[in-house]
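# Architecture at a glance
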Amino acid sequence: MKKYLFPVIFFIASLPLSAQTATFDGIHLFQTFLLDAPTARTPFGEAGLGISDFDGGSILDVGVRGGFPLAERFEIDGELNFRNVDPAGGDGRSGLTDLFVSGRYNFQRGPTPVSAGIYVTLPIGSDDIGQGDTDIGFFGALRHPVSRSFVLTSTASLNFYDGGDTDLLLAGGGIIRASRAVHIVTEFNFRTDDNYALLSGGFDYRSSSDTHLRGSLGLGVDDGAPDVAILFSILKSFN
């Protein structure tokens, strides 16, 4: 039961309280980048490099993700990567991942934005790297400010996989404003059906009004997650 405790605490703690400060909408999460609560007012994109190390090998992802506002409260997002899988004791394999597409509608703004949405993976990826599946999920997310420098985040997603499996993602975390240009992003993601639990911490440095330099380090705390996950990226808004 202990492994269920942390995500539940994060999710309950971020339920609405009284507060009147911003929710750092311009600071994006790392693990649940595409399943977050705020909706953008202008298009944005992120290009990045991710490395995940497992007991049985490693995965290198190079890709892009981003979002586009279709209406005042509706945003569509997507992600696509080129992936190299390097198993321990075997030959490496490379190819495109499936295209991840999500849409969210923000039905509550103000101090505690709340959004709900749906995602689907389009099976354009390579079978050689375990891609080529059509998965679908439904999610809800919110942010809530605790103080002027600390915002709680949470996401819950019900996921249906191509092979017939179903699981629940529970994610929670916080965004800390360290300075006008630097924010610290902490996250804990837990999946109920595949022994996946990943704790991560990252930074978001705003180098200019529309450009952010970002990086995160994740540590797996259950067998289904990578032992170590590292991400470096550049995010840009298009005003």
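Check the entry above for the structure.
These remarks concern the structure in this document. Because the structure is a prediction, the values reported are computed rather than measured.

## Some points on the layout of surface pockets
Remark: the empty space left among the atoms is shown by a probe the size of a water molecule rolled over them. Taken as a whole, the second largest pocket spans an internal volume of roughly 330 Å³. Residue lining of the second largest pocket: 20 residues in total, with D25, G26, H28, A40 and S237 positioned closest to the centre. In terms of residue class, the lining of the second largest pocket is made up of five nonpolar, eight polar and seven charged.

## Points about the packing of aromatic side chains
Applying the stated criterion to the full structure yields three aromatic pairs. Their ring planes at 15° and their centres at 4.8 Å tell us that F100 and Y119 sit as a pair that is stacked. One end of the pair, F100, is in strand β5 (residues 99-108); the other, Y119, is in strand β6 (residues 114-122), with 19 residues separating them in the sequence. Of the residues examined, Y119 reaches a relative accessible area of 6% and is grouped as buried.

## Focus on empty space enclosed by the protein
The final tally for this structure, using the stated rule, is one cavity of 30 Å³ or more. Every residue lining the largest cavity is listed: L29, T32, T153, S154, T155, A171, G172, G173, E187 and N189. Among the elements of the structure, β8 (150-160), β9 (166-177) and β10 (182-191) are those that each provide at least two residues to the lining of the largest cavity. When grouped by side-chain class, the residues that make up the lining of the largest cavity number two nonpolar, seven polar and one charged.

## Looking at the pairing of β9
Here eleven bridges tie β8 to β9, and the two strands are oriented antiparallel to one another. Note on β9: the bridge partner recorded for T153 is G173. Joining the antiparallel neighbours β8 and β9 is a turn of five residues, in which G164 adopts a positive phi near 105°. Relative to β10, β9 runs antiparallel, the two being bridged by nine bridges. From the neighbouring strand, R177 faces β10, where its bridge partner is H183. Between β9 and the antiparallel strand that follows it, β10, lie four residues.

## Section: the environment of Y105
Tracing the sequence through the fold places Y105 in strand β5. When the C-alpha atoms of Y105 and P38 are compared, they prove to be 9.1 Å apart, with 67 residues separating the residues in sequence. The residues touching Y105, leaving out its near neighbours within four places in the chain, are R73, F74, V114, S115 and A116.

## Notes on the pattern of salt bridges
Taken as a whole, this structure holds nine salt bridges when the rule is applied. A salt bridge links R143 to D36, with the nearest nitrogen and oxygen atoms 2.4 Å apart. Here R143 is found in strand β7 (residues 136-147), whereas its partner D36 is found in the loop between α1 (2-13) and β1 (44-54), with 107 residues between them in sequence. Both residues of the pair, R143 and D36, count as buried. With a closest N to O distance of 2.7 Å, E46 and R65 form a salt bridge. Placement of the pair is E46 in strand β1 and R65 in strand β2 (residues 57-69), with a sequence separation of 19 residues. Assessed through its relative accessible area of 4%, E46 is described here as buried.

About the cut-offs
Residues numbered from 1 in each chain as written. Predicted model: local features only at pLDDT ≥ 70, side-chain atom pairs only at ≥ 80, totals over all residues. Heavy atoms only, no water. 1 Å grid on protein atoms, 1.4 Å probe; cavity = no way out; pocket = protein on both sides within 12 Å on 5 of 7 lines; lining within 4 Å. Points joined across faces, edges and corners; volume = space filled by probe spheres on them. Nonpolar A, V, L, I, M, F, W, Y, C, P; charged D, E, K, R; others polar. Phe/Tyr/Trp six-rings, centres within 6.5 Å; stacked < 30°, edge-to-face > 60°. Helix = DSSP H or I, 4+ residues; strand = E, 2+ residues; numbered from the N terminus. Buried < 20%, exposed > 50% of the residue type's maximum accessible area, 1.4 Å probe, protein only. Pairing = 2+ DSSP bridges. Contact = heavy atoms within 4.5 Å. Salt bridge = Lys/Arg side-chain N within 4 Å of Asp/Glu carboxyl O.

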